[in-house]
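# Chains, contacts and geometry: an overview
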Amino acid sequence: MEGHGSVTAAPEATWGEGMGTLKDPTTGACIALGTRCLFGRHPACDVRVDEPRVSGEHASLHWMGDRWELRDLGSRNGTFLDGRRLSPGERVALHRGATFSLSGPSAAFVLEDADPPGAAARCEASGEYRAASGGILVLPDEDRPLVSVFEDNAGRWVIETGDEVRPVMDGEVIHVGGDAFTLELPRSEAETWQSEGGGLVLEATHLRLAVSADEERVRTTVVLGGQETTLPLRTHHYLLVTLARAWLGGSDKPTAQRGWVDRDVLCRMLATDANKLNVDIHRARKQFAALGIQNAAGIVERRPGTGELRIGVRSVEVTRM
């Protein structure tokens, strides 16, 4: 990502709506923010600014759990916030729209979006930076979602790898497809969700799935917060239909035992394989996350260590078009 003819962001940085974002006012380019962002001339910086007046490690931007904080790292020519030079080592909170610059106006940035960062990971070998989309981080990429990292219903960051689902920590190194990735995980916001008592949560969602007579098309309607949203038709919606039917057909079982389908059986029912199933699960999660639903990754649940899956909403209906 080039700006001022001299600014380079981490390679392959990606982001979704509702996460911290910087904007280069000169070029209009945007930079996704991880929990920690280092600015300077050194090649290892997250945002490299190839300007002679910029120090090797000039300034940093950190998410502090409730705000973004800018810090000058003792730079020779200073870090400026809205025109005021910061003292060496000084930390200041940033608000949306704040403009800061490194050594002068030629390397300026605007905090375009002051929302919290999502989960992110950096490939140790290539430096590739992957940021979550809709609260869900997939690795190594969207086309090969071998690993997913997201917050569970208890507000813990968890990693899902095949049949395994386990807690994961900020700074943990994980290995995916032969590469090592270092995770950057922001502080959990689950307590905020609970204290606000509102927001769009998966547990309050009603799902209406209307299937055509030939079983080729599915009209998916999400009812939440007093509103109905019909999703664009997608082939992966039939996965939701299949899991919903298993849930509805198990009404005589306790909730903890209800609706689970073995992965291999599910693949046969859908005439697919495990890789394509993972892609469909990721696409379903991404669609629900795009609606602003917290813990959207739970739309498809995995039962750890069993290879079983089930639908993640408890209020669902399957009808005919």
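Look above for the structure.
For clarity, every value in this text was computed on a predicted model and none was experimentally measured.

## As for the overall build of the protein chain
The secondary structure content of the protein chain amounts to four helices and 28 strands. For the protein chain, the spread of C-alpha atoms along the three principal axes comes to 70 × 45 × 30 Å. Here the protein chain, with 321 residues, has 49% of them falling under the buried criterion. Restricting to contacts in the protein chain with at least 6 residues of sequence separation, those with at least 24 account for 51%. Of the roughly 15000 Å² of accessible surface on the protein chain, a fraction of 48% belongs to carbon and sulfur atoms. Seen as two clouds, the 36 positive and the 46 negative side-chain charges of the protein chain have centres 1 Å apart.

## Here we look at the sheet that holds strand E17 (residues 144-151)
On the basis of which strands lie adjacent, the open sheet formed by four strands has the order E16-E17-E18-E19 and antiparallel pairing. Looking at the sheet topology across the chains shown, the edges are occupied by strand E16 (137-141) and strand E19 (164-167). In this sheet, neighbouring strand axes are inclined to one another by 20° on average, regardless of whether the strands run parallel or antiparallel. As judged from the four bridges shared by strand E18 (residues 157-161) and E19, these two strands associate in the antiparallel manner. Residue pairing in the sheet places Glu-160 in a bridge with Val-165 of E19. Across the face of the sheet, helix H4 (residues 274-289) comes into contact with E16, E17 and E18 while running at roughly 40° to E17.

## Some points on the pairing of E18
Summarising burial for E18: four of the five residues are buried, a large majority. Bridge analysis of E17 against E18 gives five bridges, and the strand direction is antiparallel. Residue pairing across strands places Val-149 opposite Ile-159, the latter belonging to E18. The antiparallel hairpin formed by E17 and E18 contains five residues in its connecting segment, where Gly-155 sits at a positive phi of about 85°. The antiparallel pairing of E18 with E19 creates a hairpin that spans two residues between the two strands, and Gly-162 there sits at a positive phi of about 60°.

Calculation notes
- Residues numbered from 1 in each chain as written.
- Predicted model: local features only at pLDDT ≥ 70, side-chain atom pairs only at ≥ 80, totals over all residues.
- Heavy atoms only, no water.
- Helix = DSSP H or I, 4+ residues; strand = E, 2+ residues; numbered from the N terminus.
- Buried < 20%, exposed > 50% of the residue type's maximum accessible area, 1.4 Å probe, protein only.
- Contact = heavy atoms within 4.5 Å.
- Areas by Shrake-Rupley, 256 points an atom, 1.4 Å probe, with all protein chains shown as cover.
- Lys, Arg positive; Asp, Glu negative; His and termini not counted.
- Charge placed at Lys NZ, Arg CZ, Asp CG, Glu CD.
- Pairing = 2+ DSSP bridges.
- Axes fitted to C-alpha atoms, helices over the stretch in contact; angles between N-to-C directions.

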